[in-house]
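Spelled out, the chains give:
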Amino acid sequence: MTYLEIDRAMIDITRQKCAECKARLDAIPKQNTTERKAVQLEYGIYTFCGNAGLLFTSARNQTLQTRRRFLDSVIDQYPKPGKIYQAIGEDEKLRFAAALQAELFLRDQWLGIQYDELAAAQTSKDTDRAFELKIKIGAAENMFAAWEVWRKENNVYPAVFEENK
């Protein structure tokens, strides 16, 4: 499987999550404001995973080169992925980037901050903020789980993040 095929699969999974969430949102009555807000937050994170993680653009080859450069700059912070990445050849690094860079980026640049904010919201008893953060974190973890299911089914770098959870 080529890096562009892997990239397409990750994009398709993300778009499917967005579509499923949008369908759920459309089925919720307008008066159910809390439920609608929760699903809107979830939908926003799935969209964010595509836009910020996968860098949805039409120029996929160039985008993957950019994503690979990001990987080069942070991979050493992740022992298991870093060891794998350093051991593979240059061509294989694009496959690795297509399969794992979005999740690594989101974990590195966003998820940790969300967990810190959640802890602060819980400490200050800001239940509204904690509610929002739990939904956002849960949506990101759902996306990561969906990507991981695909990686396992296709034997494309499965279980790379298990020690980093």
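Reading the values: rules and limits
- Residue positions are given per chain, counting from 1 as you read along its sequence in written order.
- Confidence filtering applies because this is a predicted model: local features only for residues at pLDDT of at least 70, side-chain atom pairs given and counted only at 80 or more, and all residues used for totals across whole chains, interfaces and linings.
- Heavy atoms from the whole structure form the basis of all side-chain values; hydrogens and water molecules are not counted.
- The aromatic pairing rule takes the rings of Phe, Tyr and Trp, using the six-membered ring of Trp, and pairs them if the centres are within 6.5 Å, calling planes under 30 degrees apart stacked, those over 60 edge-to-face and the rest tilted.
- Only runs of H or I of at least four residues qualify as helices and only runs of E of at least two qualify as strands under DSSP, and these elements are numbered from the N terminus.
- Burial classes: relative accessible area under 20% of the type maximum marks a residue as buried, over 50% as exposed, and values in between as partly exposed (1.4 Å probe, protein chains only).
- Distance and angle both matter: a charge sits over a ring if NZ of Lys or CZ of Arg is within 6 Å of the ring centre and within 35 degrees of the ring normal.

Q: So what about the packing of aromatic side chains? Which residues, and what values?
A: Aromatic ring pairs: the centre-centre distance and the angle between the two ring planes describe each pair. Taken as a whole and assessed by the stated rule, the structure comprises 5 aromatic pairs. Plain terms: the ring middles of Phe-48 and Trp-110 are 5.4 Å apart, the flat faces sit at 50° to each other, and that makes the pair tilted. Of this pair, Phe-48 sits in helix α2 (residues 33-53) while Trp-110 sits in helix α5 (residues 90-123), and the two are 62 residues apart along the sequence. Judged by relative accessible area, Trp-110 falls into the buried class, the value being 14%. Ring centres of Phe-96 and Tyr-157 lie 4.9 Å apart, and the angle between their planes is 70°; on these two criteria the pair is classed as edge-to-face. Here Phe-96 is found in helix α5, whereas its partner Tyr-157 is found in the segment after α6 (127-153), with 61 residues between them in sequence. A relative accessible area of 0% means that Phe-96 is categorised as buried. The structure contains a cluster of three or more aromatic residues connected by ring pairs, namely Tyr-85, Phe-96 and Tyr-157. The positively charged end of Arg-15 is found above the aromatic ring belonging to Phe-56, 4.7 Å away from the centroid. Lying across the ring of Tyr-85, Lys-93 places its NZ or CZ 4.8 Å from the centre.

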